[in-house]
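Structural description and commentary
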Amino acid sequence: METNMKYYALTFFLLIGTTFTVWGQQRQGHKGRHDRHHKESRHGQSFIYGKVVTNDKTPADFASVYLKGTSYGCVTNEEGYFEMWAPAGEYTLVVSAVGFETTEERVVIGKREDKEVNLRIKSQATELAAVEVVSNGVSRVKRSAFNAVALDTKEFENSTKSLSDALAKTPGMKLRESGGVGSDMQLMMDGFSGKHIKVFIDGVPQEGVGSSFGLNNIPVNFAERIEVYKGVVPVGFGTDAIGGVVNIITKKKRDRWFADASYSYGSFNTHKSYVNFGQTFKNGFTYEMNAFQNYSDNNYHVDANVEVFNFNPDGSVSTYIDTRNKVRVKRFNDTYHNEAVIGKLGVVDKAWADRLMFGFTYSHMYQEVQTGVRQITVYGDKHRYGHSFMPSVEYRKRDLLTKGLDVVFTANYNRNATTNVDTSYYHYNWYGERYRMNTPGEQSRQFSRADNDNWNGTLTVNYRLGKAHTFTFNHVMNLFHRQNTSMLAIEEEEDAIAKETRKNISGLSYRLMPTEKWNLSVFGKYYHQFVAGPMAEDATQSNYIRTTRNVSSMGYGAAGTYFVLPELQAKLSYEKAYRLPTIEEMFGDEDLEMGDVSIRPENSDNINLNVSYNKTFGRHSLYAEGGFVYRNTKDYIQRNITDLSGGKEAATYVNYGKVETKGYNLSLRYGFSNWLSIGGNFTQMDVRDKQRTQIGTTTANLAYGARMPNVPYRFADMDVTLFWHDLFRKGNTLTLTYDNQYLHSFSYYSEIIGSSSDEYRVPNQFSHNISLSYSMQHGRYNLSFECRNFTDEDLYDNFSLQKAGRAFYGKVRVYFGN
């Protein structure tokens, strides 16, 4: 469900969209300027000034200071002083700086008042770059040389959006789902999707955590902001991503007791709830609890070719699929629910630890399986369920043993068990009709449990040598072990062979930052992976043996940024990158996904060029950004559909020779004061087949030069938000948001097959959403209403799986505390 309009979409967004950001005005000296600025009072606005210092009372230079939800902001000078103009009112003043926790303070500014606000910010062991946040929530990670943006989730807190829904607002990003709540979800970033993009929570990799912690299942209230690194990724993440990284930053800065709770209800019997509470005491002891749940029947209507059952007098059944006519039918075996609890306790602001936290996470899920990997296959009883438990530890210390040495250490163990149940004797069609089969199993008879053990450890060490030099070392270790247990009478040999992998990635980088005008980073990475699992001895697949292999590679790259003007920034980066195969690609999911233990790592040459412009003109804010992407990928890991016996199918993974990606994305936004934000994004990304011969042969590849199948290549989105402050009562705010998404038609098989037939194409799609929220008493009580896809468009995605039509949702939220 993305927005775009062929080639004239670009013109459309140039006219109506522009991104609005805060641009910092560095103060050359604080003393002696106050009186002059007061005399130059601008349009009746008030003057805000002050100083930002760190824990040890040293000035916090070049920190971003802004009023949340507005376009007003600046940057502190070398002495930590700042100043800005803004209309009278009540605001939340936010300070963000490299290596420090983001700090917020509520301020009340009178008309034409000179308001002094002095703040102290707390150390945080690592922070990759200063974040320059704009009023619509999308921002540029400004001082980083890497192509990165940050998304402030504040504006989404009263919506029913998940983290993945919020991410769809960032440039070059598209959300791909195979259905409703709890369905398989992939993020697409600059032409790469799924396993090419790695997800972190507070810098901790989220591999093997279970479906309950998919981004489409986590409520947006869980995060304070979301950082998106596109293409070339900083060493600090220690990852093997080729497409990019999504880092979820959770809420940590609490000075007293707080509680945040919400509940929503909507179409298809969808229920979502979230609770978050905690406290930090004066002695440094802190605790926090998060809990959320999702439930939906997902019984929306789809248009499908129905398999017709003819029940004969002799008791036999003859069937055929009506391929000429599509019928409007309702999904009937697609219920999903999940529940999760996350608890943390520990200490902060100690001489020996800035933050030491011990955590535990428990989650449970139940999912009915309505279709196979294509919509033509229907199931009526197939389902899966599972649970996971994960203890964890996190340690952060700035200036450990010596000034400039920062250390972050995290570790967790995840025990995840998933049970797949496919024991029904009945075969179903889209009408819900069924007949009894001779043998059980709608896809393939199974009642098995996969016990997954996943260990993760990360170590990041930063050493700051003066203000110009920073060295970073990072190491990530991941150990995975899966044991399958069949609960049927017949035990297959394959189930007795464990599936395991060990992954180690080390990185070292150096950053030179002689001035605020430019900086340069160079880095190298070492990748190693051990894999062991079952492999068939011959083509009959009647006997399996244990096979092992080791792979290792070296990667490297550089990234730089330069401020051509204070408002105009350019970024350029290159990386020779490797992506190691994931658990699912090697071992499958023991159900509809078939892995390949022998699959090879991808390697890619990545180039990213980005130019951004942002400035404020009085009460007007303007942001414009353009990015160019080039990827030359070898051993590209492609997800295909394989037909099985009995008319069934499954997804498989193969290494596909050479793939080239070229493309660009544009982002434009305009903001007026604190009551209007309008803008949008446009992406054109060609991912093309560059394999001259068919894999394993000398035969010419007919698809050479064609677009890769099942990859959207042109899409866009737009949104308009209006704010009405102090409506009915001071401190109350009404917010009205309209947004749309356009997706251009694409083929889900090779273009040489699908380009001339609608049967193999996902059609053009243009969907519209609207939401209305009312916040009372400065956000303490909140009500919201949403209508998604209000024009009831037919929306499709992976291999033409249909998504929900028009849907309505309501939400109530209360918040007490900071």
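Residues numbered from 1 in each chain as written. Predicted model: local features only at pLDDT ≥ 70, side-chain atom pairs only at ≥ 80, totals over all residues. Heavy atoms only, no water.

**With respect to the overall build of the protein chain**
Looking only at helices and strands, one finds 5 helices and 49 strands in the protein chain. Burial analysis of the protein chain (818 residues in total) assigns 60% to the buried set. Contacts spanning at least 24 positions in sequence make up 67% of the contacts within the protein chain whose residues lie at least 6 apart. As presented, the protein chain carries roughly 32,500 Å² of accessible surface, and 56% of it is formed by carbon and sulfur atoms. (Helix = DSSP H or I, 4+ residues; strand = E, 2+ residues; numbered from the N terminus. Buried < 20%, exposed > 50% of the residue type's maximum accessible area, 1.4 Å probe, protein only. Contact = heavy atoms within 4.5 Å. Areas by Shrake-Rupley, 256 points an atom, 1.4 Å probe, with all protein chains shown as cover.)

**Looking at the nonpolar core**
Of all hydrophobic cores here, the largest spans 28 residues; its most connected members are Leu163, Leu167, Leu187, Ile226, Val246 and Ile248. Those elements that place two or more of their residues in this core are strand S11 (148-152), helix H3 (163-167), strand S12 (173-177), strand S13 (185-189), strand S15 (197-201), strand S17 (223-230), strand S18 (244-250) and strand S26 (336-350). When sequence neighbours within four positions are dropped, the list of residues in contact with Leu163 reads Leu215, Ile218, Pro219, Val220, Ala223, Ile226 and Ile248. If you look at the next biggest cluster of nonpolar residues, it comprises 20 residues, including Leu67, Phe82, Leu93 and Leu119. (Core = buried A, V, L, I, M, F, W, Y, C linked by side-chain atoms within 4.5 Å.)

**Regarding a nonpolar patch on the surface**
Together, Trp518, Leu520, Val522, Tyr562, Val564 and Leu565 give the surface a local cluster of nonpolar side chains, amounting to about 490 Å² of exposed area. Among the secondary structure elements, those contributing two or more residues to the nonpolar patch are strand S35 (518-536) and strand S36 (544-565). When you line up the elements, Leu520 lands in strand S35. Overall, Leu520 belongs to the partly exposed group, its relative accessible area being 38%. (Patch = residues over 30% accessible without salt bridge, like charges linked within 9 Å, V, L, I, M, F, W, Y side chains within 5 Å. Salt bridge = Lys/Arg side-chain N within 4 Å of Asp/Glu carboxyl O.)

**Quick word on empty space enclosed by the protein**
Overall, the coordinates contain 12 cavities of 30 Å³ or more when judged by the stated rule. Of the pockets and cavities examined, the second largest cavity occupies roughly 450 Å³. Those elements that place two or more of their residues in the lining of the second largest cavity are strand S16 (204-205), strand S21 (285-296), S26, strand S27 (353-368), strand S28 (383-397) and strand S29 (405-422). Of all the elements, S27 adds the most residues to the lining of the second largest cavity, at 6 residues. Grouping the amino acids of the lining of the second largest cavity by side-chain chemistry returns 13 nonpolar, 9 polar and 7 charged. (1 Å grid on protein atoms, 1.4 Å probe; cavity = no way out; pocket = protein on both sides within 12 Å on 5 of 7 lines; lining within 4 Å. Points joined across faces, edges and corners; volume = space filled by probe spheres on them. Nonpolar A, V, L, I, M, F, W, Y, C, P; charged D, E, K, R; others polar.)

**Overview of the sheet that holds strand S2 (residues 64-67)**
What the 4 strands build is an open sheet, ordered S3-S2-S5-S6; its pairing is antiparallel. Because the sheet does not close on itself, it has two edges, and the strands there are strand S3 (73-75) and strand S6 (103-109). The average angle at which neighbouring strand axes cross in this sheet is 20°, direction not considered. Note: strand S5 (residues 89-96) against S6, 7 bridges, orientation antiparallel. The partner of Val94 across the bridge, within S6, is Glu104. (Pairing = 2+ DSSP bridges. Axes fitted to C-alpha atoms, helices over the stretch in contact; angles between N-to-C directions.)

**Points about the environment of Ala577**
Of note, Ala577 is situated in strand S37 (residues 568-579). In this structure, the C-alpha to C-alpha distance between Ala577 and Met554, residues 23 residues apart in sequence, is 8.2 Å. The contacts of Ala577, once residues within four sequence positions are left out, are Ile242, Tyr527, Glu602, Asn603, Ser604 and Asn606.

**Topic: the packing of aromatic side chains**
On inspection of all chains with the given rule, the structure shows 22 aromatic pairs. Geometrically, the ring pair formed by Tyr556 and Tyr574 is tilted, given 6.5 Å between the ring centres and 50° between the ring planes. With a gap of 18 residues between them, Tyr556 in strand S36 and Tyr574 in strand S37 connect regions that are remote in the sequence. For Tyr556, a relative accessible area of 47% puts it in the partly exposed group. Its relative accessible area of 27% is what places Tyr574 among the partly exposed residues. Clustering of aromatic rings is evident, with ring pairs tying together Phe47, Tyr49 and Trp85. (Phe/Tyr/Trp six-rings, centres within 6.5 Å; stacked < 30°, edge-to-face > 60°.)

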